[in-house]
Amino acid sequence: TASRPSDFVRVNDLALTVSFADGSRWPANPPHPQPVVVSFSFAHDVRDTAATDDLAHSVNYSTLAKGMGAVVNSEVFPSLESLADRICDVYAQQYTETPTFTVRIKRTKALLYGTAFGMEVTKSSPRMPPVEECLSLEGIVAHAVIGIHPHERERKQRVVVNVSATRRFPRL
């Protein structure tokens, strides 16, 4: 059978607080809630909803957001990776026909000299390792001498750098 085309459900920049046991910014004992920003997306066919005008075939964004809050408020996570895995697992079990699920998480207070540390994970099954992971550092500020002409090199200029690294092999 031919695969059905899908639309994508996306929730962007959901602000939550999560307890981490890694102590990246605060002491880990006891774990303290830390601010994170979560975005996630997955394929969802909305043709049945459009054809029947029945919202039972659709996705309730409020339920998604509340479900995300329930997941992060009920556990202490040892790492950002474990949080990403847990989110993927919960929604992959809820939306079993979804071929892939992507979650992006940013820890907005984890870096001393940057605005966020984060990762984006794409999983095709709750029991499988990620298909792809992208780690990122955002808003790293430095002051550097930039320019090829003498008058350009008289003063340091503020430089903001974002760094990302993608790995396409499963983590162990």
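Structural data are supplied above this passage.
Residues numbered from 1 in each chain as written. Predicted model: local features only at pLDDT ≥ 70, side-chain atom pairs only at ≥ 80, totals over all residues. Heavy atoms only, no water.

Colleague: Any chance you could explain helix H2 (residues 61-73) here in plain terms?
Modeller: Residues spaced three or four apart along an α-helix point in a common direction, a consequence of the helix completing one turn every 3.6 residues. The end-to-end C-alpha distance of H2 is 18 Å, a good match for the 18 Å that 13 residues give at a rise of 1.5 Å each. Along H2, the positions that sit buried rather than exposed are Leu64, Met68, Gly69, Val71 and Val72. The buried residues of H2 occupy one face: seen down the axis, they fall within an arc of 160°. Away from its buried face by more than 90 degrees, H2 exposes Lys66 and Asn73. On its buried face, H2 sits against strand E1 (7-20), strand E2 (33-44), strand E3 (76-77) and helix H3 (80-94). Capping the start of H2, Asn60 holds a side-chain oxygen 2.9 Å from the backbone nitrogen of Ser62, two or three residues further along. (Helix = DSSP H or I, 4+ residues; strand = E, 2+ residues; numbered from the N terminus. Expected span 1.5 Å × (residues − 1). Buried < 20%, exposed > 50% of the residue type's maximum accessible area, 1.4 Å probe, protein only. Arc of directions from axis to C-beta. Contact = heavy atoms within 4.5 Å. Polar contact = N/O pair within 3.5 Å; in protein donor to acceptor, adjacent residues only side chain to side chain.)

Colleague: So what exactly am I meant to see when it comes to the packing of aromatic side chains here?
Modeller: The relative placement of two aromatic rings is captured by the distance of their centres and the angle of their planes. The final tally for this structure, using the stated rule, is four aromatic pairs. Between Phe40 and Phe101, the aromatic rings sit 5.9 Å apart at their centres with planes inclined by 25°, giving stacked as the arrangement. Here Phe40 is found in strand E2, whereas its partner Phe101 is found in strand E4 (residues 101-107), with 61 residues between them in sequence. For the pair Phe40 and Phe101, one class covers both residues: buried. Aromatic pair Phe42 and Phe101: ring centres 5.5 Å apart, planes at 20°, arrangement stacked. Residue Phe42 is located in strand E2, and its partner Phe101 is located in strand E4; the two are separated by 59 residues in the primary sequence. On the basis of relative accessible area, Phe42 is assigned to the buried category, the value being 0%. On the basis of relative accessible area, Phe101 is assigned to the buried category, the value being 3%. Among the aromatic residues, ring-to-ring pairing joins Phe40, Phe42, Tyr91 and Phe101 into one connected group. (Phe/Tyr/Trp six-rings, centres within 6.5 Å; stacked < 30°, edge-to-face > 60°.)

Colleague: Would you mind going over the pairing of strand E6 (residues 132-144) with me for this structure?
Modeller: Relative to E6, strand E5 (residues 116-123) runs antiparallel, the two being bridged by seven bridges. Considered in E6, the bridge of Glu120 is made with Cys134. Summarising the sheet, E6 and strand E7 (residues 157-167) pair through 10 bridges and their orientation is antiparallel. Along E7, the bridge assignment pairs Glu133 with Arg167. (Pairing = 2+ DSSP bridges.)

Colleague: Honestly, the sheet that holds E4 in this entry has me stumped. Any pointers?
Modeller: The strands making up a sheet are joined through hydrogen bonds of the backbone, oriented either antiparallel or parallel. Ordered in space as E3-E1-E2-E4-E5-E6-E7, the seven strands form an open sheet in which the pairing is mixed. In this open sheet, the two strands that pair with only one neighbour each are E3 and E7. Each of E1, E2, E3, E4, E5 and E6 is contacted by H3, which is oriented at about 145° to E4, the strand it contacts most. (Axes fitted to C-alpha atoms, helices over the stretch in contact; angles between N-to-C directions.)

Colleague: Just to check I follow, could you spell out the side chain of Lys123 for this structure?
Modeller: Along the chain, Lys123 turns up in strand E5. The buried category is assigned to Lys123, whose relative accessible area is 5%. Within polar-contact distance, the side chain of Lys123 engages the side chain of Asp89 at 3.3 Å. Every residue in contact with Lys123, bar those within four places of it in the chain, is listed here: Asp85, Cys88, Asp89, Pro99, Thr100, Phe101, Met128, Pro129, Pro130 and Val131.

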